[in-house]
Amino acid sequence: MMRYQDISSHDWEEVDKIIGWFTLSEARAMQGLIKQLSPGAKVVELGSFQGRSSVVIAKVLPPGSILYCVDHFKGSAEHQGNGFKLAHLMENFK
């Protein structure tokens, strides 16, 4: 397995400002997997919400790689009527 450097505390402070459920330990594990990809890889994230995990993935993509983020930006059933501001999910993601 390829050795990788954990996401820095400073980087995580920035990512943690994005609303979502992706944790620091999940971010470190995901980056470890992404760093094993070959240059020019194509990665698809299904369900991006506001981009918390997308930022973590994009930060360590190998050279020439592409990240495709797929989401309808309407929120999941558990978000409906629970105080989430769903009207701006795509804007927040961008």
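Structure report, in brief. (Residues numbered from 1 in each chain as written. Predicted model: local features only at pLDDT ≥ 70, side-chain atom pairs only at ≥ 80, totals over all residues. Heavy atoms only, no water.)

**Brief notes about the packing of aromatic side chains**
The following threshold applies: Only the six-membered ring of Trp is used, alongside the rings of Phe and Tyr, when aromatic pairs are assigned; centres must lie within 6.5 Å, and planes under 30 degrees apart are stacked while those over 60 apart are edge-to-face, with the rest tilted. Each helix is a run of H or I in the DSSP string that is no shorter than four residues. Each strand is a run of E no shorter than two, and both are numbered from the N terminus.
Going through the model one piece at a time under the given rule, you end up with two aromatic pairs. Look at Trp 21 and Phe 49: their rings are 4.8 Å apart centre to centre, the planes differ by 45°, and that puts the pair in the tilted class. You can see Trp 21 sitting in the loop between α1 (9-15) and α2 (24-34) and its partner Phe 49 sitting in the loop between β1 (42-46) and α3 (52-59), a full 28 residues away along the chain. Ring centres of Phe 73 and Phe 93 lie 5.3 Å apart, and the angle between their planes is 50°; this geometry places the pair in the tilted category.

**What about the pairing of strand β2 (residues 66-70)?**
Filter applied, for reference: Two strands qualify as a pair provided DSSP detects at least 2 bridges between them. The crossover handedness rule: strands pointing away from the viewer, path from first strand over the helix to second strand clockwise, crossover right-handed.
Looking at chain direction, β1 and β2 are connected through five bridges and run parallel. Residue pairing across strands places Val 43 opposite Leu 67, the latter belonging to β2. With α3 bridging β1 and the parallel β2, this β-α-β connection has right-handed handedness.

**So, the packing of α2 against α3**
Going by this rule: For helices, the fitted axis covers only the stretch in contact; all axes are lines through C-alpha atoms, and the angles between them, taken along N-to-C directions, range from 0 to 180 degrees. Roughly parallel means an angle under 35 degrees; roughly antiparallel, over 145; roughly perpendicular, 65 to 115; everything else is oblique. With the far helix as reference, a near helix turned anticlockwise by less than a right angle produces a left-handed crossing, and one turned clockwise produces a right-handed crossing. The contact definition used throughout considers only heavy atoms, calling two residues in contact when any of these lie within 4.5 Å. In this classification, the charged set is Asp, Glu, Lys and Arg, the nonpolar set is Ala, Val, Leu, Ile, Met, Phe, Trp, Tyr, Cys and Pro, and all remaining amino acids, among them Gly, are polar.
For the pair α2 and α3, the least separation of the axes is 9 Å and the interaxial angle reads 40°. With respect to their mutual orientation, α2 and α3 come out oblique. At the point where α2 passes α3, the crossing takes the right-handed sense. Within the contact between the two elements, α2 uses Ala 27, Met 30, Gln 31 and Ile 34 and α3 uses Val 56, Ile 57 and Lys 59. Tallied by class, residues from the contact of α2 with α3 come to five nonpolar, one polar and one charged.

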